Each structure stands twice: as C-alpha cells, then as structure tokens.
Amino acid sequence: MRKLTILLAILGLALLTGCTAWYGAGSVIRAIVSIGFVGFMATVVAQLAVDAILGLAWHAACRDIPFVQLLVSRMIRDAAAACLPFSQLGGMVVGIRATCSSDLFARGRGHHVSGGEAACANLVDITTEVMGQILFILTAVLCLVAHQQSSPFARPVIIGLVLLSLGIGGFIWTQRHGGDLLKRVGNRLGSNMAAQWQDAMLNSADSIQDRFNAIWSRPGRIVQGALLHYVGWLGSAATIWIAYYFLGAHLSFGGAIAIEGVACGIMSVSFLVPAGLGVQEAAYITLGSAFGIAPSVSLGLSLLRRGRELVIGIPMLLIWQGMEMRALRNKDNPMTDDAAAPLPASGSLREQTEAARD
C-alpha cells in the first residue's frame, strides 16, 4: 500500500507538472496573481466558514463530544490529508489520534476520548459526509445536465454515484453489525488463540459495537449530520464560485456546483492519491472548459486551492503537534493535574475528618 501510494503521488505530480507546461506556466502565474490578496483571503475565510459547518455536522451525529473538539479534530484530519504525503486513509489515522488528544485544546472543558470512541466517531462522520456527498453529486449532475444535456460526464458520474451508494450502504451495515461479526470470528478462532487475546478481542468488539449502537440508535441525528454535510458541500461550491469571480471568470452558482460536485465525485474514486495530486487539476481543467473557462484559469484555481489548504492546514498541524507535546508532558508528570486541582472547602475537609474518625 505504501509503495502504491508513493507511485500514485509521483504520477500525480508528473501530471500536474505536465498540465502546467502544456497550458503555459506564465498564463497560470498570471491567473494566480490576478486574484490578489483580498480575493485569496476571501477564499480562506469562506473555507473556514465551511469548516465550521463540517464541525457542526459532526457534532450533530456525535453529541457526547464537544463541538470545539470535533472542529479541531476535523480540521487536523483534513490538514493531514491535504498537506502531508498521506492518502485519505493516512489522514483518517491522524484524525483519530487528533480526536483523542483534542480535549487538551478545550482547556479543561473538554471530554476525554478513548481510541475506540475516536475511531467510531470518525467513521460515523465519514459516513454522514459521504451521505451528504451523494446528494451533492446528484445536485451537481442535475446542474451539469441543465447546462449541457449531452455532457460526457453525466453517465460515468451517475454510475459512480450508484456504486458509491452501494458502498456506503455496506459501510453502514458493517457499523451496525461489525461487532457481532468480530465476536463470531473470535469465538471460531478461540481454540487457536490465547485465552487473554480472545477475551481482549471480544471485549473490544462489545465496546466498539456499543458505541456504534448508541450513535445509530438516533437516526434523526444521523440525518441531521448528513444534511449539514450537504450544506457544507454547497459551501465548498460557493468557495469555488468566489475564486472564479476574483479570477475574472463568469460562472453561475449552478455552474460552480456542477464543477465542484463532479470533481469531488472523480476525486473520491482516487482516494489513494495523496492530496489528489494531478487528479484535481485535470478535473477542474476539463469541467471548466465545459463552461467556457480557459484551462489556465482552472489550473490557477486548483493551485490557489492548494495554497489555501496550506495556509489553513499548516497552523492546524502545528496545533496538533502542540497538543501531542502537551499530552506527553502530562504523561511524564502525572501529578500536574492533581497539583492544579482546587483544594476542598473547609467544611468538606471537616466532614471528611469526622467521617474518618468514625
């Protein structure tokens, strides 16, 4: 898997370099410079607003974890997938770790999250995100067909949408019944496993399944999370519309939905490519041409989007490293929290003393 990810990253970087050379580096640079500082900051602010919506969507499905913790964890997960040489799977692992340590960011008001709870929360968030993405891609296909009835992208995207729906259906089934399946495997392998390993496996299966059952027992929250993710996807299309506006391209909001929706549908298939290198650029160039936008402008838009991801992602990764360092310090100094705890009131101390004498 690691070798495949590195190979795909090299191929994507080669494709990005080839696109820049084919359409002219000078034209792409002019497109990037034309947006100006104000335009670029407008796209950054718009993306931060989208991140807030995504945090609300996660909190809607997982109410036990505070909103601030989920928002920070979500932004760190996206930053790892966009800024580090990881695929989306690597970003998922970083997101789980960040969810475990993000309670330190809340300065005592947070909720400690175990590894199993963090994994369940991230899987549920990805599930509701894909549910909202399916609705968003369907909206994008309708906008694309309304603009160009004979679009060559409509049929492949619809086929991919059906496959994505089947995949998320199986993913939901796994979350609802995966613990029972894991317990059956543990029981069947019991004669070939050490007793303590079998007990640990069965206890972990019960714990994880209980968490999933607690979340999925409230389908209204799942639906609310999926709808908020759909609003977040519409917000992503709004950031594309804002960027095209500052780049001087005339594009309707429906066109922005079509470009962003079909592009994210294409990128979801290439989830093993780190940061979607090359895939994102090719999708924007091809889809933008269908709306009469010059390829150099669409390529400039893609590079601006990567710049925006770096501006937001690098500080989030630094925050994550700070949380990890603080967690290590607390682990090395277990008396820190006890020393910082407030002393009991005199009345409580007197009562405790009398109780001890009795």
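Residues numbered from 1 in each chain as written. Predicted model: local features only at pLDDT ≥ 70, side-chain atom pairs only at ≥ 80, totals over all residues. Heavy atoms only, no water.

## A word on the overall build of the chain
Then, in step 1: Along the backbone of the chain there are 14 helices and zero strands.
Then, in step 2: Walking the chain from its N terminus toward its C terminus, one meets helices and strands in the order α-α-α-α-α-α-α-α-α-α-α-α-α-α.
Then, in step 3: Evaluated residue by residue, the chain yields a buried proportion of 43% over its 358 residues.
Then, in step 4: A total of about 18600 Å² of accessible surface is found on the chain, and carbon and sulfur atoms cover 66% of it. (Helix = DSSP H or I, 4+ residues; strand = E, 2+ residues; numbered from the N terminus. Buried < 20%, exposed > 50% of the residue type's maximum accessible area, 1.4 Å probe, protein only. Areas by Shrake-Rupley, 256 points an atom, 1.4 Å probe, with all protein chains shown as cover.)

## So, the pattern of salt bridges
Then, in step 1: Here the structure, examined in full by the defined rule, presents eight salt bridges.
Then, in step 2: Across the salt bridge formed by D125 and R74, the nearest N and O atoms sit 3.3 Å from each other. Separated by 51 residues along the polypeptide, D125 in helix α6 (residues 115-147) and R74 in helix α4 (residues 67-83) bring together distant segments of the chain. The exposure classification of D125 matches that of R74, with both residues buried.
Then, in step 3: With its nearest N and O atoms 3.4 Å apart, the salt bridge here joins E260 to R305. Taken together, the positions of E260 in helix α10 (residues 253-269) and R305 in helix α12 (residues 295-332) put the pair 45 residues apart, joining distant regions of the chain. (Salt bridge = Lys/Arg side-chain N within 4 Å of Asp/Glu carboxyl O.)

## Remarks on the nonpolar core
Then, in step 1: Judged by nonpolar contacts, the single largest core of 51 residues is most densely connected at I76, F136, Y244, L251, I259, V262 and W320.
Then, in step 2: Looking at which element gives the most residues to this core, the answer is α12, with eight residues.
Then, in step 3: With 15 residues, the next largest nonpolar core counts C62, A121, F212 and W216 among its residues. (Core = buried A, V, L, I, M, F, W, Y, C linked by side-chain atoms within 4.5 Å.)

## Quick notes on the confidence of the model for the chain
As a note on interpretation, predicted positions should not be read in detail where pLDDT is low.
Then, in step 1: Put simply, the chain has an average pLDDT of 77, and 68% of its residues get 70 or more.
Then, in step 2: Helix α9 (residues 219-246) holds the highest mean pLDDT among the elements of the chain, 94, whereas helix α13 (residues 335-340) holds the lowest, 44.
Then, in step 3: Taken together, the stretch residues 191-202 has pLDDT below 50 and engages in twelve contacts with residues farther than four places along the chain or on a different chain.
Then, in step 4: Every residue in residues 336-358 is under pLDDT 50, and counting partners more than four places away or in other chains gives zero contacts. (pLDDT = per-residue confidence, 0-100. Contact = heavy atoms within 4.5 Å.)

## Looking at a nonpolar patch on the surface
Then, in step 1: Taken together, the side chains of L135, L138, L142, V223 and L227 define a hydrophobic patch exposed on the protein surface, amounting to about 440 Å² of accessible area.
Then, in step 2: Of all elements in the fold, only α6 and α9 reach the threshold of two or more residues within the nonpolar patch.
Then, in step 3: Element by element, the count of residues in the nonpolar patch is highest for α6, at three residues.
Then, in step 4: Here L135 is to be found in helix α6. (Patch = residues over 30% accessible without salt bridge, like charges linked within 9 Å, V, L, I, M, F, W, Y side chains within 5 Å.)

## Overview of the packing of aromatic side chains
Then, in step 1: For the structure on display, the rule yields three aromatic pairs.
Then, in step 2: Taken together, a centroid distance of 5.5 Å and an interplanar angle of 80° make the contact between Y245 and F246 edge-to-face.
Then, in step 3: Given a relative accessible area of 55%, Y245 falls into the exposed group.
Then, in step 4: Geometry around W58 places R77 over its ring, the cationic atom sitting 5.3 Å from the centre. (Phe/Tyr/Trp six-rings, centres within 6.5 Å; stacked < 30°, edge-to-face > 60°. Lys NZ or Arg CZ within 6 Å of the ring centre and 35° of its normal.)

## Some words on empty space enclosed by the protein
Then, in step 1: The final tally for this structure, using the stated rule, is one cavity of 30 Å³ or more.
Then, in step 2: In this structure, the largest cavity encloses a volume near 60 Å³.
Then, in step 3: Secondary-structure elements contributing two or more residues to the lining of the largest cavity are α3 (36-61), α9 and α12.
Then, in step 4: Examining the composition of the lining of the largest cavity, we find that four residues originate from one element, α12, more than from any other.
Then, in step 5: By residue class, the composition of the lining of the largest cavity is six nonpolar, two polar and two charged. (1 Å grid on protein atoms, 1.4 Å probe; cavity = no way out; pocket = protein on both sides within 12 Å on 5 of 7 lines; lining within 4 Å. Points joined across faces, edges and corners; volume = space filled by probe spheres on them. Nonpolar A, V, L, I, M, F, W, Y, C, P; charged D, E, K, R; others polar.)

## Looking at the packing of α3 against α4
Then, in step 1: For the pair α3 and α4, the least separation of the axes is 8 Å and the interaxial angle reads 120°. The angle between α3 and α4 places the two elements in the oblique class. In this structure, α3 meets α4 at a crossing whose hand is right-handed. Where α3 approaches α4, its residues L48, D51, A52, L54, G55, L56, W58 and H59 are matched on the opposing element by F67, L70, L71, S73, R74, M75, R77 and D78.
Then, in step 2: A class-by-class count of the residues in the contact of α3 with α4 yields nine nonpolar, three polar and four charged. (Axes fitted to C-alpha atoms, helices over the stretch in contact; angles between N-to-C directions. Parallel < 35°, antiparallel > 145°, perpendicular 65-115°, else oblique. Left-handed = near helix turned anticlockwise from the far one by under 90°.)

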